[in-house]
Amino acid sequence: MRKSSETPPDGRPTRRGPGRPRRAERDGPSTRELILREATELFAARGPEGTSLRDIAARVGIDVSSLHHHFPAKEALYDACFERVHAAEREALAPLVADLRDAATTGGEPLAAALRALADGFVDFLEEHPHTTFLWLRRWLDPTRGAVLDEAYALPLYGEVERALLEAAQAGTVRETTPHVTVRSLVWAAHGHVTALAAASPADRERERYEFRLWVRRFLDALYGPGSGAGDGPDVIIHRTLE
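Residues numbered from 1 in each chain as written. Predicted model: local features only at pLDDT ≥ 70, side-chain atom pairs only at ≥ 80, totals over all residues. Heavy atoms only, no water.

1. Regarding the packing of helix α8 (residues 179-199) against helix α9 (residues 202-224)
1) Next: Remark: α8 packs on α9, axes separated minimally by 10 Å, with the N-to-C direction vectors making an angle of 170°. Here α8 is positioned roughly antiparallel relative to α9, judged by the angle of their axes. Residues Thr182, Leu186, Ala189, Ala190, His193, Ala196 and Leu197 of α8 form the contact with α9, whose own contacting residues are Arg205, Glu208, Arg209, Phe212, Trp215, Phe219, Leu220, Leu223 and Tyr224.
2) Next: Of the residues assigned to the contact of α8 with α9, the class counts are eleven nonpolar, two polar and three charged. (Axes fitted to C-alpha atoms, helices over the stretch in contact; angles between N-to-C directions. Helix = DSSP H or I, 4+ residues; strand = E, 2+ residues; numbered from the N terminus. Parallel < 35°, antiparallel > 145°, perpendicular 65-115°, else oblique. Contact = heavy atoms within 4.5 Å. Nonpolar A, V, L, I, M, F, W, Y, C, P; charged D, E, K, R; others polar.)

If you want it as structure tokens, here you go:
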């Protein structure tokens, strides 16, 4: 039987050279995608200081030189992991944010429903992608270092939600004086929920999911539901101007 050209006479597989694609890549994820997957998991678990490129290459099953072919430095890979997470988050939430913008000036139940759907969608996303929480939490351990990541990936999307709340306040459909605090509070609470799930026993996870979503509903109803002062209009203070 004729041996593959990739198999030497002694029968052992030839070591794949740098840049030479794996056969599996033709049918599965690209090497770049595999690198990003493993790097995201390791950066989320250990942070950038506790993760080396050699660790990531070993998880993927490639040489460090092959990893350098895709990402010349750890900083570039770290940034790419945030970009990948952000792209997935935006894909999941952008339609819900658009619905919120459409309902902002209408108010009433359409706005309340849009807010609930967006909050549920965000929690759903984080529960399905918990590494997102731990990647961000490790970045936030140093409030000043890496702030450019916030500006590039987190703040634009959250800013759209803030803008929708400002538009609603301007139209008099809600009472909202500090939308940036509201958005930040919900974001941080959702990340805290994911950490609670990670620490909870299997028996306690469903209770955590139920109670947190109930709290989100109560939080939104207290701010924007009937009796919250929504629609009072004249005494609504908007601290940030609409651009």
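2. Thoughts on the packing of helix α4 (residues 74-103) against helix α6 (residues 130-140)
1) Next: Two numbers describe how α4 lies on α6: the axes approach to 11 Å, and their chain directions differ by 135°. Comparing their axes, α6 and α4 come out oblique. Like other packed secondary-structure pairs, α4 and α6 cross with a definite hand, here left-handed. Between α4, through Tyr78, Cys81, Phe82 and Val85, and α6, the contact on the second element is made entirely by His131, Thr132, Leu135, Trp136 and Arg139.
2) Next: The class makeup of the residues in the contact of α4 with α6 is six nonpolar, two polar and one charged. (Left-handed = near helix turned anticlockwise from the far one by under 90°.)

3. Comments concerning the packing of aromatic side chains
1) Next: Under the definition given, this model contains eight aromatic pairs.
2) Next: Between tyrosine 78 and phenylalanine 82 the ring centres are 5.0 Å apart and the planes differ by 80°, which places this aromatic pair in the edge-to-face class. Of this pair, tyrosine 78 and phenylalanine 82 both sit in helix α4, four residues apart, roughly one helical turn.
3) Next: On the basis of relative accessibility, which here comes to 14%, the residue tyrosine 78 falls in the buried class.
4) Next: Relative to tyrosine 158, the ring of phenylalanine 122 has its centre 6.3 Å away and its plane inclined at 80°; by these criteria the two rings are edge-to-face. Pair noted here: phenylalanine 122 is in helix α5 (residues 108-128) and tyrosine 158 is in helix α7 (residues 147-171), with a separation of 36 residues, a long-range link.
5) Next: Its relative accessible area of 14% is what places tyrosine 158 among the buried residues.
6) Next: Aromatic rings pair up to connect Phe43, Tyr78, Phe82, Trp136, Trp140 and Trp188 into one cluster. (Phe/Tyr/Trp six-rings, centres within 6.5 Å; stacked < 30°, edge-to-face > 60°. Buried < 20%, exposed > 50% of the residue type's maximum accessible area, 1.4 Å probe, protein only.)

4. Side note on the nonpolar core
Within soluble globular proteins, side chains that are nonpolar tend to cluster in buried spots.
1) Next: Ile35, Phe43, Ile56, Leu67, Leu77 and Leu100 are the most contacted members of the largest nonpolar core, which totals 57 residues.
2) Next: The set of elements that each furnish at least two residues to this core consists of α1 (31-46), α2 (53-60), α4, α5, α6, α7, α8 and α9.
3) Next: Ranked by residues supplied to this core, first place goes to α4 with eleven residues.
4) Next: Contact partners of isoleucine 56, with chain neighbours within four places excluded, come to Ile35, Ala39, Leu42, Phe43, Thr51, Leu67 and Leu77. (Core = buried A, V, L, I, M, F, W, Y, C linked by side-chain atoms within 4.5 Å.)

5. A short note on α7
1) Next: Residue leucine 155 marks the point of greatest curvature in α7, where the axis turns by about 50°; the proline proline 156 follows within four residues.
2) Next: Note on α7: the residue one or two positions beyond its end, glycine 172, has a positive phi of about 85°. (Bend = angle between axes of the 7 residues up to and from the residue.)

6. Examining α6
1) Next: Among the residues making up α6, those that are buried are His131, Thr132, Thr133, Leu135, Trp136, Arg139 and Trp140.
2) Next: Taken together, the buried residues of α6 touch α1, α4, α5, α7 and α8.

7. Brief notes about the pattern of salt bridges
1) Next: Considering all chains together, one arrives at 15 salt bridges under this definition.
2) Next: Measuring nitrogen to oxygen at the nearest pair gives 3.1 Å for the salt bridge that ties glutamate 160 to arginine 90. Of this pair, glutamate 160 sits in helix α7 while arginine 90 sits in helix α4, and the two are 70 residues apart along the sequence.
3) Next: Of the residues examined, glutamate 160 reaches a relative accessible area of 27% and is grouped as partly exposed.
4) Next: Look at arginine 90 and you get partly exposed, because its relative accessible area is 25%.
5) Next: By sharing partners, the salt bridges in this structure join Asp120, Asp124, Glu127, Glu206, Arg209 and Arg213 into a single network. (Salt bridge = Lys/Arg side-chain N within 4 Å of Asp/Glu carboxyl O.)

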